[in-house]
Amino acid sequence: MTDRYAVFGNPIGHSRSPRIHALFAAQTGQDISYEAILAAKDGFATAVSTFMASGDGPAKGANVTVPFKEEAFRLATRRTARAEAAGAVNTLSFEQDAMIGDNTDGAGLVRDLKHNLGCDPAGRRILLLGAGGAARGVILPLLLERPAELLIANRTEQTAARLALEFARLPGCAVDVKPDGTGFAGLAGRQFDLVINATSAGLSGASLPLPPYVFGPRSVAYEMVYGRETAFMAQARAAGARVADGLGMLVEQAAEAFFVWRGVRPHTAPVLAALKGS
Ligand code: NDP
């Protein structure tokens with residue numbers, strides 16, 4: 001019997017996850033199926049239980065994307081530490097008596113930075129733009145890499161300040177660096193080695209009010225949005241920074257989910273190359 005997986009979202013038609021997991025399965029010889037499921041905005045839990053109850057093979061897990069990551073967090077009967085810190089779940093594993101919620105987004109970003117882009121966060125001054133779900137999910141994984149500094153800057157300053165305080169006080173978190181939070185005005189006179197855009201501004205074509213000197217000539221500018229040239233990427237390029245989009249993070253978070261489910265870590269480079277080529 002083929003083990004079944006799916007990704008739930010709304011919208012979901014654009015999702016690249018079925019292709020990524022099909023490529024992982026072919027590469028590693030794992031017998032799985034993986035489909036994209038459009039859940040009604042108020043029908044996530046129902047869609048998951050329908051998926052679990054139907055089909056030919058056993059339902060083993062699911063990925064969860066916008067707008068259901070917080071609901072998946074509540075639906076899970078057990079959660080990993082990184083899901084607890086993120087306050088959101090993008091990976092569910094269905095076990096006999098439990099639904100385990102995990103979050104692989106942060107691990108995906110860190111792997112993309114370190115292994116694909118040669119940009120180790122250790123010792124770097126990091127600026128994280130945005131204080132929504134995507135930003136929250138990557139803070140702990142970044143802190144665990146021991147950067148020199150992590151500053152969270154957001155349009156709504158209070159949200160950044162609240163988020164920074166929450167992670168500065170995270171119980172049981174053995175990290176030396178405490179994040180700070182600010183509004184964009186707080187970036188005056190500051191420069192960073194790594195600038196990560198975790199806002200959704202790129203989706204609406206909006207640009208961010210960043211002083212050009214936040215990027216140094218050896219800085220890396222990482223845009224979490226993928227598949228388009230955003231205003232942030234153009235700003236960073238103009239300032240001479242090295243620019244990457246979020247496609248690598250997407251593939252790496254999928255690889256981490258595949259590892260959680262199957263215990264096998266796929267090679268991501270050929271999958272990333274296949275996606276870039278299409
Ligand atoms: P949320 O809606 O939770 O948060 C949006 C954030 O963007 C907030 O901090 C918001 O600021 C800020 N923002 C929105 N519009 C603007 C603007 N015009 N100017 C300045 N700030 C703005 O979204 P998520 O955190 O879930 O997602 C953020 C992005 O990350 C999305 O584009 C998503 O596609 C991408 N992403 C990519 C992944 C990948 O694998 N590559 C994985 C996960 C997410 P405020 O608080 O002031 O409203």
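Here, every reference points to the structure presented above.
The structure displayed is predicted, hence computed values, not measured ones.

Around the ligand, the surrounding shell holds 22 residues, and the nearest of these are Ala-131, Ala-134, Asn-154, Thr-156 and Met-224. Interatomic distance of 2.7 Å between a backbone N/O atom of Ala-134 and an oxygen atom of the ligand. Coverage of the ligand by the protein amounts to 75% of the 940 Å² it exposes when considered alone. Of all the secondary structure elements, the ones that give two or more residues to the shell around the ligand are α6 (133-144), α8 (201-204) and α10 (247-262). Along the lines of polarity and charge, the residues of the shell around the ligand split into 12 nonpolar, 8 polar and 2 charged.

Across the sheet, 6 strands lie side by side as β9-β8-β7-β10-β11-β12; this open sheet has parallel pairing. Both edges of this open sheet fall to β9 (180-182) and β12 (242-244), since each of them pairs with a single strand only. The sheet shows a mean angle of 20° between the axes of neighbouring strands, direction not considered. Both strand β8 (residues 149-153) and β9 contribute to a ladder of 3 bridges, which runs parallel.

Bringing the pairing of strand β1 (residues 3-9) into the picture now. The element β1 is extensively covered by neighbouring structure, given that 7 of its 7 residues are classed as buried. Residues of β1 alternate between two faces, with Asp-3, Tyr-5, Val-7 and Gly-9 on one and Arg-4, Ala-6 and Phe-8 on the opposite face, all of them buried. As paired strands, β1 and strand β2 (residues 32-38) are joined by 7 bridges and run parallel to one another. Bridge pairing in β2 places Ala-6 opposite Glu-35. Taken together, β1, helix α1 (residues 17-28) and β2 constitute a β-α-β crossover, and its handedness is right-handed.

Each value, and the rule that gives it
Residues numbered from 1 in each chain as written. Predicted model: local features only at pLDDT ≥ 70, side-chain atom pairs only at ≥ 80, totals over all residues. Heavy atoms only, no water. Near = heavy atom within 4 Å. Polar contact = N/O pair within 3.5 Å; in protein donor to acceptor, adjacent residues only side chain to side chain. Areas by Shrake-Rupley, 256 points an atom, 1.4 Å probe, with all protein chains shown as cover. Helix = DSSP H or I, 4+ residues; strand = E, 2+ residues; numbered from the N terminus. Nonpolar A, V, L, I, M, F, W, Y, C, P; charged D, E, K, R; others polar. Pairing = 2+ DSSP bridges. Axes fitted to C-alpha atoms, helices over the stretch in contact; angles between N-to-C directions. Buried < 20%, exposed > 50% of the residue type's maximum accessible area, 1.4 Å probe, protein only. Right-handed = clockwise from strand over helix to strand, strands pointing away.

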